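Each chain, letter by letter, is given below.
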Amino acid sequence: MTLHRYRMKRGALRRRAKDISLVLIVLVCATLVLWSWDTTPSSSFLPPESHFLKLEPEEKVERTPTALDTETRDRYSSATPFVNKEKSKEDPTDNKDTEEEEEQEKEAKQVDEVTESETNQGKTSTIEEEEEAKEEKQVEEVTDSETDQGKTSTTDEEQVKQEVAAGEAEAKTTHIENSNSDPEKKTLATDEEERTEQSVAKKDDDSSSTARISNQACNYAKGKWVVDKHRPLYSGSRCKQWLASMWACRLMQRTDFAFERLRWQPKDCSMENFEGSKFLKRMQNKTLAFVGDSLGRQQFQSMMCMITGGRERPDVLDVGPEFGFITPKGGGRPNGWAYRFPETNTTVLYHWSSTLCDIQPLNPSDPLTEHAMHLDRPPAFLRQYLHKINVLVMNTGHHWNRGKLNGNRWVMHLNGVPNSNRKLAALGNAKNFTIHSTVSWVSSQLPNHPGLKAFYRSLSPRHFVGGEWNTGGSCNNTTPMSIGKEVLQEESSDYSAGHAVKGTGVKLLDITALSHVRDEGHISRFSISASKGVQDCLHWCLPGVPDTWNEILFAMI
């Protein structure tokens, strides 16, 4: 009995010892926690500050149907920043006028070796140039009834504010960075202030000249889009003398035109306002030539509308025959247009050269003959008429695909014979080789033409999403998504263009990145000539983005 009691007492003591041990362990842990709390700030348990997404507090602004909001956003550093909610889902595949541009960037780095060893830029040829491509589908005549601008102007401005507000809430861009400037620390002149300063400078020739010299170092490709109540520069429904109906979105079923109200604001410099009279005075007794594909033709038509303000000009002369622009027998159109403004003897022309190289029929008597595509020869038009040109703007890019080559029976040639170089068999390399070759040839001609200024315009981006032009690809966004965003990259997004002009006398007209953020500006599903289900996410509505290309060109010349 005594032994039993002893065992029970011993078990109870063991249980008490366990309880006491647990209490001691808890006390020790609590002591350690309190000690660490006193010696280390509580924020040490939180993620580093750099991992937080910093957002400025949202300003509560009551939106009213006035121009206040748009004028506020015209200030370069005071546009409301916002965060991308959705990544751009641009389809990387090609459309009817282009191959994969991403792969061509890699191929461009390989073409330099080919360029050094095989191009012969000093050679010229007396072969006459054949018409190089067939025109886009003929569009049916659009009714001549014009939109009454007076009745719709108020509605348009209200719509601009609403769509811009929506755009700020749903940004989707990939090339750009948020603008987080403090309005109190950094505020640039408003649109009205800029116009006042420029009107004062206009009175002082020396000041104007100095401003132009200082802007020569400006990188116009860096900046952002702002709302400007003074846009567009011309009426899309009234510029019928110069603007093709297939690109005039005011004559289509599109109803939202907020995209027309945007103006490009370069970073760290101002850009002179375009005026037709100033352009003609600057180009007195001179010729401006656009040479390239259909995007070059859009830039040409944009320039004609900008110079005339979209008004009819029966006094402007058609001087196409002076440059060989004659409609061939049985042809749908000439291979270019040229117009002269008599008051200043200024000529503006466009020549169709989709590949920016010389293309000649192998058997001129055979309508089904193949054509030699001479990668190392500039277009015959340039060889024949370069001496008559004062400002040259070249471009190519979207016709370098197998569909175009096969459809037009183009066969690549080098040194006058069919190409046997395997590297140049890749279309990306062939395109880059041609750009290098033509740019280098033009640069070599500059000493012979002291008054010539030459530009190569970088690639105009496409925005097909979810397929190709013929497989359901679309660009349905119609709301400006670029407000308050900055394009800050130093190098051009078009590697081939940027690399081709280096070390030459040809300047780069870099429009790729600033155009990339304007996916709402395409003709999209509103084309009057497209088949059902086919969208145009390559060409632009006019007025629109190509107007900015010309504004930058005007500033650079």
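Provided above is the structure to which this section pertains.
The model shown is predicted, which means the values in this text are computed figures rather than measured ones.

## Here's the deal with the sheet that holds strand β13 (residues 453-457)
- Here 7 strands make up an open sheet; going across it, the order is β5-β6-β7-β4-β10-β13-β15 and the pairing mixed. Edge positions in the sheet fall to β5 (317-318) and β15 (507-509), since each has one partner strand and no second.
- For strand β4 (residues 287-292) and strand β10 (residues 391-394), the ladder comprises 4 bridges, and the chain directions are parallel. Considered in β10, the bridge of leucine 288 is made with valine 391.
- Contacts between helix α13 (residues 427-445) and the sheet are confined to β10 and β13, with β10 contributing the most and set at about 175° to the helix.
- Against the sheet, helix α16 (residues 545-556) touches β4, β10, β13 and β15, its axis set at about 150° to β15.

## Regarding the state of the cysteines
- Inspection of every chain in the model, using the stated rule, returns 4 disulfides.
- Here cysteine 475 pairs with cysteine 537 through a disulfide, and the sulfurs are 2.1 Å apart. In this structure the cystine formed by cysteine 475 and cysteine 537 twists about its S-S bond by roughly -95°; its chirality is therefore left-handed. Here cysteine 475, found in the loop between β13 and β14 (485-486), pairs with cysteine 537, found in strand β17 (residues 536-540); they are 62 residues apart in sequence, far enough to count as distant. Neither residue differs from the other here; cysteine 475 and cysteine 537 are each classed as buried.
- For the protein, the disulfide bridges join cysteines in the arrangement 1-4, 2-5, 3-8, 6-7, where the cysteines are counted in sequence order.

## Concerning the pairing of strand β6 (residues 336-341)
- Of all 6 residues in β6, 6 are buried; the element is thus mostly enclosed.
- Taking every second residue as pointing to the same face, both faces of β6 are buried, with Gly336, Ala338 and Arg340 on one and Trp337, Tyr339 and Phe341 on the other.
- One ladder, built from 2 bridges, connects β5 with β6; its direction is antiparallel. Across the sheet, aspartate 318 pairs through a bridge with tyrosine 339, a residue of β6.
- Across 6 bridges, β6 lies against strand β7 (residues 346-352) in antiparallel orientation. Along β7, the bridge assignment pairs phenylalanine 341 with threonine 346.
- Hairpin connection of β6 to β7: 4 residues between the antiparallel strands, including asparagine 345 at a positive phi of 55°.

## Things to note about the side chain of serine 492
- Looking at where serine 492 falls in the secondary structure, it is placed in the loop between β14 and α14 (495-501).
- Here serine 492 falls in the buried class, since its relative accessible area comes to 17%.
- Within polar-contact distance, the side chain of serine 492 engages the backbone nitrogen of aspartate 494 at 3.0 Å.
- At 3.0 Å, the side chain of serine 492 forms a polar contact with the side chain of aspartate 510.

## Notes on the pattern of salt bridges
- In this structure the tally under the stated criterion is 14 salt bridges.
- Ionic pairing is found between arginine 231 and aspartate 228, a salt bridge with its closest N-O pair at 3.8 Å. Across the pair, aspartate 228 and arginine 231 agree in class, each one buried.
- A salt bridge links glutamate 486 to lysine 267, with the nearest nitrogen and oxygen atoms 3.7 Å apart. Note that glutamate 486 is positioned in strand β14 and lysine 267 in the loop between β3 (262-266) and α8 (276-282), a separation of 219 residues in sequence. Across the pair, lysine 267 and glutamate 486 agree in class, each one buried.
- Salt bridges sharing common partners tie together Asp228, Arg231, Arg263 and Glu551.

Analysis parameters
Counting starts from 1 at the beginning of each chain's written sequence and moves along it residue by residue. Where totals are concerned, whole chains, interfaces and linings use all residues; where local detail is concerned, this predicted model gives features only for residues with pLDDT of at least 70, and gives and counts side-chain atom pairs only at 80 or more. Side-chain numbers here rest on the full set of heavy atoms in the structure, without hydrogens or water. Strand pairing is assigned whenever DSSP detects at least two bridges linking the two strands. Helix numbers and strand numbers start at the N terminus; a helix is a DSSP run of H or I with at least 4 residues, a strand a run of E with at least 2. Only heavy atoms enter the contact rule, under which two residues are in contact if any of them lie within 4.5 Å. To define axes, lines are fitted to C-alpha atoms, for helices over the stretch in contact only, and angles between the resulting N-to-C directions are given on a 0 to 180 degree scale. Only a pair of cysteine sulfur atoms within 2.5 Å counts as a disulfide in this structure description. Remark: exposure states derive from per-residue accessible area (1.4 Å probe, protein chains only) relative to the maximum for the residue type, with buried under 20%, exposed over 50%, and partly exposed in between. Polar contact is the term for a pair of N or O atoms within 3.5 Å; when the atoms are in protein, one must be able to donate a hydrogen and the other to accept it, and sequence-neighboring residues count only if both atoms are side-chain atoms. For salt bridges, the criterion is a side-chain nitrogen of Lys or Arg within 4 Å of an Asp or Glu carboxyl oxygen.

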